[in-house]
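Structural overview
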Amino acid sequence: MHDSTGLSGIKNSNSKLIETAKRIFDAAVKSVSAPQFMESTGDLLISGQGRVVGAGKAAMAMAAALEQQFPECSFEGQVVVPHGYINSFPKDQSPPRTIRVSEGGHPVPDEASQLAAADALRIAQDCGVGDTLIVLLSGGASALWSLPSLGLTLHDLRTVNQLLLRSGANIHQINAVRKHLSAIKGGQLGKAAWPAHTITLAVSDVVGDDESVIGSGPTVADPTTWEDVVDVILAFDLQISPGVRKYLKFGLEGVQSDTPKPSSDLLEGSDFRLLASNDHALRAAESAAEQMGYHVVGTNSCVHGEARDIGAVMARETLSLGPGECILWGGETTVTVQGAGKGGRNQELVLAAACEFESKSIDAVLLSGGTDGIDGPTDAAGGWATPGTVAKARSMGVDPDAALKENDAYHCLRAVDQLLITGPTHTNVMDIGIGLRAHE
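Now for a quick tour of the structure. Worth saying up front: this structure is predicted, and the values here are computed from it rather than measured. (Residues numbered from 1 in each chain as written. Predicted model: local features only at pLDDT ≥ 70, side-chain atom pairs only at ≥ 80, totals over all residues. Heavy atoms only, no water.)

Attention now goes to the sheet that holds strand β11 (residues 419–420). Sheets are built from strands paired through backbone hydrogen bonds, the pairs being either parallel or antiparallel. Overall, mixed pairing links the six strands, which are arranged β7-β8-β12-β9-β10-β11 in an open sheet. This sheet does not close on itself; its edge strands, each paired only once, are β7 (295–303) and β11. Both strand β8 (residues 325–331) and strand β12 (residues 431–437) contribute to a ladder of six bridges, which runs antiparallel. The residue of β12 that forms the bridge with Gly330 is Ile432. Its contacts with the sheet place helix α12 (residues 307–319) against β7, β8, β9 (364–370) and β12, and it is angled at close to 145° to β9. (Pairing = 2+ DSSP bridges. Helix = DSSP H or I, 4+ residues; strand = E, 2+ residues; numbered from the N terminus. Contact = heavy atoms within 4.5 Å. Axes fitted to C-alpha atoms, helices over the stretch in contact; angles between N-to-C directions.)

And the structure:
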């Protein structure tokens with residue numbers, strides 16, 4: 001039968017375009033894996049007793065790579081990763097031998113997160129003059145190291161954390177609050193290790209790669225203040241408990257001391273090295289796209305804002321591409337949760353893009369995923385959209401507009417089999433997005 005619309009050709013070529021987008025995404029993630037970026041740590045000077053603490057989605061992989069990089073060192077210490085990460089460790093990589101690995105709650109901290117933070121603080125406090133404390137830091141560390149300040153409880157931290165994650169606050173605002181309710185964040189781990197030499201090896205999961213924000217800056221000075229915390233609470237009308245309100249009042253009145261500031265002598269022996277970031281992943285994505293015959297016409301870094309708004313913008317940019325052209329973006333959007341659905345920022349971005357794509361006859365794809373392999377409280381890293389996504393969803397009885405309104409991107413994309421599933425990647429440098437237009 002003759003196809004007068006020309007859409008069957010687009011449908012047939014979509015699969016190749018989608019696979020290309022997935023390969024570009026995979027290349028970006030691989031470029032920021034621990035075996036890759038830890039190669040640059042061979043020049044580290046480790047003296048005295050080498051102790052290691054770490055937290056985050058890359059912590060286990062970083063610990064294993066550190067041991068391999070320095071086989072002559074007998075490291076001792078502990079790192080914590082999200083629940084389930086130990087069993088998901090890549091089969092082609094050897095796990096840490098002497099550095100202990102535990103699991104904790106993420107994105108909402110649990111008792112295991114509290115125990116891991118207390119253990120890290122103890123290890124830091126045991127360091128003496130001439131010792132070296134290596135801190136392995138990556139995305140997820142803020143939740144995985146959750147030790148409440150004296151006078152607060154883990155329940156207080158969990159409640160505030162949940163409020164922040166649903167508020168639409170950005171990571172800088174979220175971490176300003178986290179640091180002031182914690183006994184380990186905001187330079188306090190580095191302070192505890194003094195006078196030992198502290199070396200922080202970090203993988204950035206924040207826009208701008210601010211070292212005081214990555215993992216809530218446990219080893220670096222904290223420029224935020226009690227006033228900043230209260231501003232966030234008020235700006236998002238967070239309904240905090242009486243206990244947290246009283247604690248913040250003590251901080252404002254000077255009864256409760258603030259976190260170490262840039263002028264603190266106790267952090268002079270603390271060095272910080274950024275090993276991997278979203279920019280590294282974007283450069284790898286550019287290279288992969290070009291090697292596959294696509295011309296990269298734009299790379300947008302530090303992308304942030306409401307996921308659905310960014311999705312619509314990126315869809316329009318993808319639609320404006322010429323044949324064989326590609327656009328890339330990286331960063332981290334936010335979702336202001338108003339519905340009762342299930343999803344994550346990348347899935348919401350993709351669903352919004354699909355709605356923008358609707359009825360267009362261009363052969364294109366837009367893919368967006370978290371480099372950690374996890375998008376929100378789901379088993380997906382993100383997803384992808386084509387101009388046929390909305391029609392396909394409607395044919396299956398799913399209303400994409402209603403799903404977007406309910407923050408229910410996951411179920412909509414699952415219905416059309418357009419979820420990006422990678423599993424935990426043991427790294428995290430925020431998100432990577434790819435827009436492709438097919439060759440003619």
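Turning our attention to helix α3 (residues 59–69). Burial runs high along α3: nine of the 11 residues are buried. Here α3 has its buried residues at Ala59, Met60, Ala61, Met62, Ala63, Ala64, Ala65, Leu66 and Glu67. (Buried < 20%, exposed > 50% of the residue type's maximum accessible area, 1.4 Å probe, protein only.)

Spatial strand order, β3-β2-β1-β4-β5-β6: six strands in an open sheet with parallel pairing. In the strand order of this sheet, the two ends are held by β3 (100–104) and β6 (270–276), each with one partner. Averaged over all pairs of adjacent strands, the angle between their axes in this sheet comes to 20°, without regard to strand direction. Of the strands in this sheet, β1 (50–55), β2 (76–82), β3, β4 (132–137), β5 (197–203) and β6 touch α3, which is tilted by about 150° from β2. On the sheet, helix α4 (residues 111–125) packs against β1, β2, β3 and β4 and is oriented at approximately 145° with respect to β3.

Below, the discussion takes up empty space enclosed by the protein. Tallied over the entire structure, the rule returns two cavities of 30 Å³ or more. By volume, the largest cavity amounts to about 110 Å³. Lining the largest cavity are 13 residues, and of these Ser146, Leu157, Asn161, Arg178 and Lys185 sit closest to its centre. Where the lining of the largest cavity is concerned, the elements lending two or more residues are α5 (141–144), α6 (154–167) and α7 (171–180). The leading source of residues in the lining of the largest cavity is α6, at four residues. Tallied by class, residues from the lining of the largest cavity come to seven nonpolar, four polar and two charged. Counted as a void, the second largest cavity has a volume near 70 Å³. Along its surface, the second largest cavity is lined by Val303, Trp329, Gly330, Gly331, Glu332, Thr333, Asn346, Leu349, Ser368, Asp431 and Ile432. Residue composition of the lining of the second largest cavity, grouped by class: four nonpolar, five polar and two charged. (1 Å grid on protein atoms, 1.4 Å probe; cavity = no way out; pocket = protein on both sides within 12 Å on 5 of 7 lines; lining within 4 Å. Points joined across faces, edges and corners; volume = space filled by probe spheres on them. Nonpolar A, V, L, I, M, F, W, Y, C, P; charged D, E, K, R; others polar.)

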